[in-house]
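# Architecture and fold: a report
Here is how the chains run, residue by residue.
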Amino acid sequence: QVQLVESGGGLVQAGGSLRLSCAASGSIFVIYAMGWYRQAPGKQRELVAAINRGGSTNYADSVKGRFTISRDSAKNTWYLQMNSLKPEHAAVYYCGVDHLNDSGEKYYYWGQGIQVTVAS
């Protein structure tokens, strides 16, 4: 089992910044990729940014140039730096990791989600 805990969310004024963190713990064997997702009320969960084991990243078009995903592999922690936030960025943000255990089983783990609110 892998546990994910997000932190760093909250209320920010439009134009401000937040940095979300996702810390993984538990029986970590191999994490292939990690992603940040968001879900706004009445909408489906969508991928915001992802980073794979090799360090390659990809972003939703709506956040390119504004959000940055990064990681501290030694700490099993990933970050989402969000700059120039707009009210439409408000959502519950989730981290997820694609994990392979020592039995060769792959499973996708999710964090509990963290609220980001952007005041106009």
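Up top is the structure these notes are about.
In short, a report on the structure.

Calculation criteria
- Residues numbered from 1 in each chain as written.
- Predicted model: local features only at pLDDT ≥ 70, side-chain atom pairs only at ≥ 80, totals over all residues.
- Heavy atoms only, no water.
- Salt bridge = Lys/Arg side-chain N within 4 Å of Asp/Glu carboxyl O.
- Buried < 20%, exposed > 50% of the residue type's maximum accessible area, 1.4 Å probe, protein only.
- Pairing = 2+ DSSP bridges.
- Helix = DSSP H or I, 4+ residues; strand = E, 2+ residues; numbered from the N terminus.
- Axes fitted to C-alpha atoms, helices over the stretch in contact; angles between N-to-C directions.

### A word on the pattern of salt bridges
Under the criterion given, the structure shown has 3 salt bridges. R38 is the salt-bridge partner of E46, the closest N and O atoms lying 2.8 Å from each other. Among the residues examined, E46 registers a relative accessible area of 36% and is labelled partly exposed. Since its relative accessible area comes to 7%, R38 is described here as buried.

### So, the sheet that holds strand 3 (residues 18-26)
In spatial order, the strands read 1-3-8-7; together these 4 strands make up an open sheet with antiparallel pairing. The sheet terminates laterally at strand 1 (2-7) and strand 7 (67-72), the two strands that pair on one side only. On average, each strand axis in the sheet is tilted by 15 degrees relative to the strand beside it, whichever way the strands run. In this structure, strand 1 lies alongside strand 3, joined through 6 bridges in antiparallel fashion. Paired with V2 across the strands is G26, a residue of strand 3.

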